[in-house]
Amino acid sequence: MSTNDREQWGSRLGFIMAAAGSAVGLGNIWRFPYVTGMNGGGAFVLIYLLIVFTIGASVMLAEMAIGRGAGLNAVGSFKKLRGGAWPLVGWMGVIAGFIILSFYGVVAGWTIAYMIKSFTGLMEVAAQGKAGDAFGAFVSNPTQVILYQAIFMLGTIWIVFRGIGEGIEKYCKVMMPALFLLLLVLIVRAVTLDGAMKGLEFYLKPDFSKVTGKTILDALGQGFFSLSLGMGCMITYGSYLSKDEALPSAAFTVTFLDTMVAFLAGFAIFPAVFAFNMEPAAGPGLTFITLPSVFSKMPMGAFFSFVFFLLLFFAAITSSVSLLEVCVAYFKDELGWDRAKASWILGLLIFLLGIPSALSLGGHFPKVLGKDFLDLMDYLSSNVLLPLGGIFISIFAGWIWLDGARAEATSNGRVQFAFETAWVWICRVVAPLAVAIIFIKGVKG
Ligand code: PHE
């Protein structure tokens, strides 16, 4: 296929919704609020904002520039723009896409199960303080977990199979505004509960005594995963963007939307958790155990529980399609597969690769290197592949392909942006160095 008949986003808004859809995911709704709470609340939020709007937005712009400059998938882009060993960076992205989607599909499947459970007994069980047991029983039931994982993966494959404009763009343009509305419903409910203030205080009161080196590294790591950076996702999405669109404002808008959803999620979660005297427990626990308990104590709890898991489902599927698209674009551009074949075959392979993760939580799959398989996959991708990808992508834009990156980011001088010099130096020095530090810490730790 020549680059001329490459699929394209129907509009700039469609591209922004799709890229924001990729960024806003499971990482925003449960991980950000929790990491914030544990890292000194408002103090962490300030550091996070500083990092995502400097390093995060810069790497995002670099990825979009590479993708649109080459008009190809992650591997093909590096091959076309420089060659040598650089396509390996794209390869790492494709592999990261496989791995992340394999376990992401498992957790996302839980959101579907929990939408249904909201109306079929979860509230009653949670009201008796047994949401933890219910979650344990659910994740140790292989048929259930794999069934919901399969349903979620079918949805993801279907959207990617429909293509860029008719699939990813169309669904993101509906699901992203819907997600935002649902989030507002939950926020209004949460902050009007008696005792909501305690939660807001826990979330927002800056406690600088909790800020350490690790806080900054946590903010950087959270920022990369949350913005979908380091694996060629924005390269792939950028490759479907028309040459007429300005990139810097797009990168900024996507960064802004992602950060806003993460920030707002805290307003939906903490006031509710504290109003009912629950512990702001970690990760999956907060989402699938603490929150059902909170909802079970509210009037119309089943409804609010459903709204929450629907929101989480929208967030997850608009991210999972971007993960699959990174892989599909590679097989399409480089190996000449058609979209249908690539979507179904790769989707199926990723589903199969996810089965050990699905089984691992109930102890039906042996631990590997002392970790549950799901945690191992998460660790390998978030702590190894994404940071490595991020380092090489910024070096590529800042040193190797600088003139091209500049030309692309400014649309050949037609778009001026005030931060051009800052952007170049962030790509050259700040991002590679900062990310190298998380990487070393991540691998050790
Ligand atoms: N950004 C997504 C989230 O926050 C996860 C993701 C990472 C998606 C990397 C695509 C690529 O959940």
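All values reported here derive from a predicted model rather than from experimental measurement. (Residues numbered from 1 in each chain as written. Predicted model: local features only at pLDDT ≥ 70, side-chain atom pairs only at ≥ 80, totals over all residues. Heavy atoms only, no water.)

Looking now at the packing of aromatic side chains. The full count for this structure, using the stated rule, is 40 aromatic pairs. Taking the centre distance of 5.3 Å and the plane angle of 80° together, the rings of Trp110 and Phe135 count as edge-to-face. Here Trp110, found in helix 5 (residues 87-119), pairs with Phe135, found in helix 7 (residues 131-139); they are 25 residues apart in sequence, far enough to count as distant. Comparing Trp110 with Phe135, the two get one shared label, buried. Grouped by ring-pair contacts, the aromatic residues Trp110, Tyr114, Phe135, Phe138, Tyr148, Phe288, Phe295, Phe308 and Phe309 constitute a single cluster. Positioned above the aromatic ring of Tyr379 is the side chain of Lys371, whose terminal nitrogen or guanidinium carbon lies 4.4 Å from the ring centre. Lying across the ring of Trp399, Arg428 places its NZ or CZ 3.9 Å from the centre. (Phe/Tyr/Trp six-rings, centres within 6.5 Å; stacked < 30°, edge-to-face > 60°. Helix = DSSP H or I, 4+ residues; strand = E, 2+ residues; numbered from the N terminus. Buried < 20%, exposed > 50% of the residue type's maximum accessible area, 1.4 Å probe, protein only. Lys NZ or Arg CZ within 6 Å of the ring centre and 35° of its normal.)

Turning our attention to helix 7. Along helix 7, the positions that sit buried rather than exposed are Ala131, Phe135, Phe138 and Val139. Mapping the buried residues of helix 7 onto a view down its axis gives an arc of 90°, with all of them on the same face. Set apart from the buried face of helix 7 by more than 90 degrees, the exposed residues are Asp133 and Ala137. (Arc of directions from axis to C-beta.)

What follows covers the environment of Gly413. Within the fold, Gly413 resides in the loop between helix 18 (402-409) and helix 19 (420-444). For Gly413, a relative accessible area of 39% gives the class partly exposed. With 143 residues separating them along the chain, Gly413 and Phe270 place their C-alpha atoms 46 Å apart.

Where nonpolar side chains cluster on the molecular surface, the patch consists of Trp399, Trp425, Val429, Val430 and Leu433 and spans about 500 Å² of accessible area. For the nonpolar patch, the element with the highest residue contribution is helix 19, accounting for four residues. Here Val429 lies in helix 19. Residue Val429 is classed as partly exposed on the basis of its relative accessible area, which comes to 36%. (Patch = residues over 30% accessible without salt bridge, like charges linked within 9 Å, V, L, I, M, F, W, Y side chains within 5 Å. Areas by Shrake-Rupley, 256 points an atom, 1.4 Å probe, with all protein chains shown as cover. Salt bridge = Lys/Arg side-chain N within 4 Å of Asp/Glu carboxyl O.)

Our next topic: the side chain of Arg68. With respect to the helices and strands, Arg68 occurs in helix 3 (residues 42-70). Arg68 sits in the buried class, given a relative accessible area of 3%. Separated by 2.7 Å, the side chains of Arg68 and Glu408 make a polar contact. Not counting residues up to four positions away in its chain, the partners in contact with Arg68 are Gly238, Ser239, Leu241, Ser242, Lys243, Asp244, Glu245, Leu247, Glu408 and Ser411. (Polar contact = N/O pair within 3.5 Å; in protein donor to acceptor, adjacent residues only side chain to side chain. Contact = heavy atoms within 4.5 Å.)

Looking now at the confidence of the model for the chain. Mean pLDDT over the chain works out to 92, with 97% of the residues at or above the 70 mark. At the level of chain-chain contacts, confidence expressed as ipTM amounts to 0.98, with global pTM at 0.95. (pLDDT = per-residue confidence, 0-100.)

Each pocket or cavity is described by its volume, and for the second largest pocket that value is around 310 Å³. If you trace the second largest pocket, you find 13 residues lining it, with Phe53, Ala57, Ser58, Phe252 and Phe419 closest to the centre. Of all the elements in the fold, those that place two or more residues in the lining of the second largest pocket are helix 3, helix 13 (247-275) and helix 19. A total of five residues in the lining of the second largest pocket trace back to one element, the largest contributor, which is helix 3. (1 Å grid on protein atoms, 1.4 Å probe; cavity = no way out; pocket = protein on both sides within 12 Å on 5 of 7 lines; lining within 4 Å. Points joined across faces, edges and corners; volume = space filled by probe spheres on them.)

On to the pattern of salt bridges. Taken as a whole, this structure holds twelve salt bridges when the rule is applied. One salt bridge connects Lys332 with Glu7, and the closest N-O pair in it is separated by 3.5 Å. Taken together, the positions of Lys332 in helix 15 (residues 301-335) and Glu7 in the segment before helix 1 (12-23) put the pair 325 residues apart, joining distant regions of the chain. Residue Lys210 is joined to Asp207 by a salt bridge in which the shortest nitrogen-to-oxygen separation is 3.9 Å.

Ranked by internal contacts, the top residues of the largest apolar core, which has 162 residues, are Trp9, Met64, Trp110, Ile168, Phe308 and Trp423. In terms of residues, this core owes the most to one element, helix 15, which gives 21 residues. When residues no more than four places from it in sequence are discounted, the contact partners of Ile168 are Trp9, Ala18, Ile159, Gly163, Tyr237, Val321 and Glu325. (Core = buried A, V, L, I, M, F, W, Y, C linked by side-chain atoms within 4.5 Å.)

In the neighbourhood of the ligand, 14 residues make up the surrounding shell, with Ala23, Gly27, Tyr104, Phe225 and Ser228 lying closest. Within the backbone of Ala23, an N or O atom sits 3.0 Å from a nitrogen atom of the ligand. Within the backbone of Phe225, an N or O atom sits 2.8 Å from a nitrogen atom of the ligand. Burial of the ligand by the protein chains amounts to 100% of its free accessible area of 320 Å². (Near = heavy atom within 4 Å.)

Taken as a whole, this structure holds two cavities of 30 Å³ or more when the rule is applied. Space inside the largest cavity adds up to approximately 140 Å³. Lining the largest cavity are 18 residues, with Ser22, Tyr104, Phe225, Ser228 and Leu323 sitting closest to its centre. Going through the elements one at a time, helix 1, helix 2 (26-38), helix 5, helix 11 (213-226) and helix 15 are the ones with two or more residues in the lining of the largest cavity. When grouped by side-chain class, the residues that make up the lining of the largest cavity number ten nonpolar, eight polar and no charged. Size it by volume and the second largest cavity reaches roughly 70 Å³. Around the second largest cavity, the lining residues are Leu186, Arg189, Ala190, Ala268, Ile269, Ala272, Leu291, Phe295, Met298 and Phe308. Looking at the lining of the second largest cavity, the elements that each hand over two or more residues are helix 9 (164-191), helix 13 and helix 14 (283-296). (Nonpolar A, V, L, I, M, F, W, Y, C, P; charged D, E, K, R; others polar.)

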